[in-house]
Amino acid sequence: MNVRFSLLRVGLTGTLLVVLAAILGPIFAPYGPHEIDITRELMSPEMAGGLGTGVNGIDVFSWLLHGARVSLLVGFSVVGIGLTVGLGVGLIAGYFGGWFDTVLMRIIDVLLAFPGILLAIYIAAILPPSLGNVILALSVTGWVGYARLVRGQVLTVREREYVQASRALGAGPLWIIRKHLVPNILGPVLVHVSFGLGGAILGEAALSFLGLGVAPGTPSWGALLDEGAQYLLVAPHLAIAPGVAIAVAVLSFNCLGDGLRDYLDSRRT
Amino acid sequence: MKVLISLAQIFLRRLPGILGVLLGASLLVSATLRLVPGDPVDLILGEEAHEVDRQRLTRDLGLDRSFPVQYGMFLKQLVTGELRSYRADTTVYEMIAQALPHTVLLALLSVAVSLSLGIGLGIIAALGRRRGVRGQMVDFFALLFAYLGVAVPRIWLGPVLLLVFAVHNDLFPVGGADAGWRGLVLPVLSLGTAMAAMLARMTRACLLEVLGADYVRTARAKGLGERVVIGRHALRNALIPVITIAGLQMGGLLAGAVVTEKIFNWPGIGTLLLDSIQKMDFPVVQAVVLLIAGIYVLVNLAVDLLYGLTDPRVRL
């Protein structure tokens, strides 16, 4: 890994830090996410120390550490569901084709008619606010990108000579998918996963801001950002901290994605 | 004339597919609305309302019918322009006609700003990279903007812009559409930044790739000036994928407008959608979601057509 892969290094380091914060943060957080002290409500960092306090005197730094776990849980769940469904569906559609492929492409066309997180906003709006429903709302369209990517890759790889040779030697579809297709399409899928993580965290934040996010009281970065925007005039520090946390996390995942792409491209050439 | 005819032919060929997608989208939206907990009749009349009134309103709104009948009624009213809001005494079309121009203005200005900012920055970065230490610094900061612009949440950037430029310095109004062009500056910046960042990154990458191509070297070798080489040969080719991405991003901008309009209290279709969701005004929700999907699908088609026109290798 030389200087060309500094993006990958920055991305890996940032991702590791964010993941560590999510795993260990709640252990080292000075206060619990629901520990309140109304005598210290909305105090700036200069007055309260640390990153200041929020509504009902919650400690912003502690909330951020607890929130890392919730926000990453949303990110990894959305990516996990998207990857599982998208990989399965894309592999079957790409390899076998036929009516399944035709039906799938029409479903994808319909889902792609909704730009950005519009469908997630819509789904989150019609379901009661909860962590599970936020994950569901973001996952409804989350799998589409993976399915399209995997299908496209499979269409290319399945025509390669080694796959045809394998088939000629009598290998079954499951064996070919496991031994030839999956290992060969994993690179671009991993890149997509990195970008998906950042996208899901931004999506959670946007849903929380619209009042369609996690249940009230759940410590997520988006929920804190929503509070920060409401108290912007009296306590601007409340919006700054979660904004920076989200930006750092998304930046790390995006750098990881770009770095991975560069690394995989360089290996290919 | 010949080009116009071929564009019309392509459009007609794609039309059944587009209508199918929109029909599927409308079915999805209508079917999922049934999952909404609560009853719009309760929300309109209040839970204390008399049972007779409740039954009459349920019947008037068609909520006592089966789903296929309700969906058929919705489609019919959508096509004939008779779709009415549950809450306001007006048709959905009138509500959309009031809100849509605000969103279109916001979206178009954001596209214009992000195209000029993003492409400009991408060009400066790509050219700077080849010109000494100062150029490389420019390239570094352009890349930094490109990464930060995508990573910074819109819901953070908007309030921070408000705080700095509307609250601490009274340069722009806090929100609303009554302040003329001054009221547009912050929403446009907030909405356009992410797209500008993406375009800057894309322009830089495409231009760098093209600058290393054989035909650019040939253009230089035959003695053409740098301005002609870059303007006529490199940029023209580098911008084709950039314009495509810009077109595809425009749809995302419409979804982003929902968030931006809430931050800046902008009376567009995003605000109309969120209000209607809150009030369980189903016909408005269905129509607005479909409208955004329709615009998105049409913009994508326009980008495809444009791509076919600019790049003769693409067959549509």
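Please read all numbers here as calculations on a predicted model, not as lab measurements.

Counting residues at the interface gives 40 residues for chain A, matched by 38 residues for chain B. Summed over both partners, the interface of chain A with chain B comes to about 3,300 Å²; 83% of that surface belongs to carbon and sulfur atoms. Viewed at the interface, chain B and chain A are joined by 1 salt bridge. Here B:R201 ties to A:D258 by a salt bridge, and the two come within 2.8 Å at their closest N and O atoms. In this assembly, chain A and chain B are joined by 6 residue pairs in polar contact (both at pLDDT 80 or more). Tallying contributions element by element places helix 10 (residues 237-268) of chain A first for the side of chain A that touches chain B, with 11 residues. Partitioning the side of chain A that touches chain B into residue classes produces 35 nonpolar, 3 polar and 2 charged.

In this section: a nonpolar patch on the surface. Taken together, the side chains of A:L16, A:L20, A:I23, A:L24, A:I27 and A:F28 make up a nonpolar region of the molecular surface, amounting to roughly 630 Å² of accessible area. In this fold, A:L16 is placed in helix 1 (residues 6-28).

Residues and elements named next belong to chain B. Relative to each other, helix 8 (residues 182-211) and helix 10 (residues 226-263) sit at 155°, their axes nearing to 8 Å. Put simply, helix 8 runs roughly antiparallel to helix 10. The hand of the helix 8/helix 10 crossing is right-handed. Among the residues forming the contact of helix 8 with helix 10, the class breakdown is 22 nonpolar, 6 polar and no charged.

Let us look at unusual backbone geometry. All names here are of chain B. For N265, which is not a glycine, the phi torsion comes out positive at approximately 55°. Positionally, N265 belongs in the loop between helix 10 and helix 11 (269-278). Accessibility expressed as a relative area gives 55% for N265, which makes it exposed. Of note in this structure, M280 is not a glycine but carries a positive phi near 55°. With respect to the helices, strands and loops of the structure, M280 is situated in the loop between helix 11 and helix 12 (282-310).

Our next topic: the packing of aromatic side chains. Residue and element names in this part refer to chain B. Taken as a whole, this structure holds 5 aromatic pairs over all chains when the rule is applied. With centroids separated by 6.0 Å and ring planes inclined at 25°, the aromatic side chains of F67 and Y71 adopt a geometry described as stacked. Taken together, the residues span about one helical turn, with F67 and Y71 both in helix 4 (residues 67-80) at a distance of 4 residues. Under the relative-accessibility criterion, F67 is labelled partly exposed at 27%. Look at Y71 and you get buried, because its relative accessible area is 13%. Where F140 meets F141, the ring centres are 5.4 Å apart and the plane angle is 75°; that geometry is what we call edge-to-face. Note on F140: relative accessible area 49%, which makes it partly exposed. Under the relative-accessibility criterion, F141 is labelled partly exposed at 47%. Its end group placed over the ring of Y147, R201 keeps NZ or CZ at 4.6 Å from the ring centre.

Residue and element names in this part refer to chain A. Contact geometry of helix 8 (residues 173-209) with helix 9 (residues 221-230) gives a least axis separation of 8 Å together with a crossing angle of 45°. Judged by the inter-axis angle, helix 8 sits oblique to helix 9. Regarding helix 8 and helix 9, the two cross each other, and that crossing is right-handed. Taken together, the residues of helix 9 that come into contact with helix 8 (itself represented by I201, E204, A205, S208 and F209) are W221, G222, A223, D226 and A229. Counted by class, the contact of helix 8 with helix 9 contains 6 nonpolar, 2 polar and 2 charged residues.

Turning to helix 3 (residues 51-60) of chain B, a few remarks are in order. Residues and elements named next belong to chain B. Of all the positions in helix 3, only R54, L57 and T58 are classed as buried. Burial along helix 3 is one-sided: seen end-on, the buried residues are contained in an arc of 100°. Once helix 3 ends, the next one or two residues include G62, with phi positive near 80°.

Turning to the nonpolar core, a few remarks are in order. A:Y122 and A:W221 are the most contacted members of the largest nonpolar core, which has 130 residues in total. The residues contacting A:Y122, other than those within four sequence positions of it, are B:V29, B:T32, B:L33, B:V285 and B:V289. Of all hydrophobic cores here, the second largest spans 28 residues; its members include B:L106, B:A219, B:I230 and B:V242.

All names here are of chain B. Looking at chain B, the pLDDT average stands at 84 and 97% of residues meet or exceed 70. The element-level mean pLDDT for chain B is lowest in helix 2 (residues 40-45), coming to 78, with helix 5 (residues 92-128) highest at 91. The complex model carries a pTM of 0.84, and its ipTM stands at 0.79.

Scoring rules and cut-offs
Along every chain, residues carry numbers that run from 1 in the direction the sequence is written. Each chain is given a letter, starting from A, and each ligand a number, starting from 1, according to the order in which they appear as written. Local features in this predicted model are restricted to residues whose pLDDT is 70 or higher, and side-chain atom pairs enter the listing and the counts only when it is 80 or higher, whereas totals over whole chains, interfaces and linings include all residues. Only heavy atoms go into the side-chain values, all of them from the structure, while hydrogens and water stay out. By definition in these notes, contact holds between two residues if any of their heavy atoms fall within 4.5 Å. In short, buried area is how much 1.4 Å probe accessible area vanishes from two parts on joining, totalled over both. The rule for a salt bridge is simple: a side-chain nitrogen of Lys or Arg has to be within 4 Å of a carboxyl oxygen of Asp or Glu. Polar contact is the term for a pair of N or O atoms within 3.5 Å; when the atoms are in protein, one must be able to donate a hydrogen and the other to accept it, and sequence-neighboring residues count only if both atoms are side-chain atoms. Only DSSP runs of H or I reaching four residues or more are called helices, and only runs of E reaching two or more are called strands; each is numbered from the N terminus. Residue type decides the class: Asp, Glu, Lys and Arg count as charged, Ala, Val, Leu, Ile, Met, Phe, Trp, Tyr, Cys and Pro as nonpolar, and the leftover types, Gly among them, as polar. To count toward a patch, a residue needs a relative accessible area over 30% and no salt bridge; like charges are then connected within 9 Å, while nonpolar side chains (Val, Leu, Ile, Met, Phe, Trp, Tyr) are connected within 5 Å. Areas reported here follow the Shrake-Rupley algorithm with a probe of radius 1.4 Å; residue values treat only the protein chains shown as occluding. Only C-alpha atoms enter the line fits that serve as axes; for helices the fit covers just the stretch in contact. Angles between N-to-C directions range over 0 to 180 degrees. Angles below 35 degrees are treated as roughly parallel, those above 145 as roughly antiparallel, those between 65 and 115 as roughly perpendicular, and all remaining angles as oblique. Left-handed is the label given to a crossing in which the near helix is rotated counterclockwise from the far helix by less than a right angle, and right-handed is the label when the rotation is clockwise. Exposed residues in this analysis have more than 50% of their type's maximum accessible area, buried residues have under 20%, and partly exposed residues fall in between, with area computed by a 1.4 Å probe over protein chains only. Pairing of aromatic rings covers Phe, Tyr and Trp, the last through its six-membered ring, and needs centres within 6.5 Å; plane angles under 30 degrees mean stacked, over 60 mean edge-to-face, and all others mean tilted. Look at NZ for Lys and CZ for Arg. If either is within 6 Å of the ring centre and within 35 degrees of the ring normal, a charge sits over the ring. This arc corresponds to the set of directions leading from the helix axis out to the C-beta atoms. Only buried Ala, Val, Leu, Ile, Met, Phe, Trp, Tyr and Cys residues count toward a nonpolar core, and they belong to the same one when joined by side-chain atoms within 4.5 Å. Here pLDDT means the predictor's own confidence in every residue, given as a number from 0 to 100.

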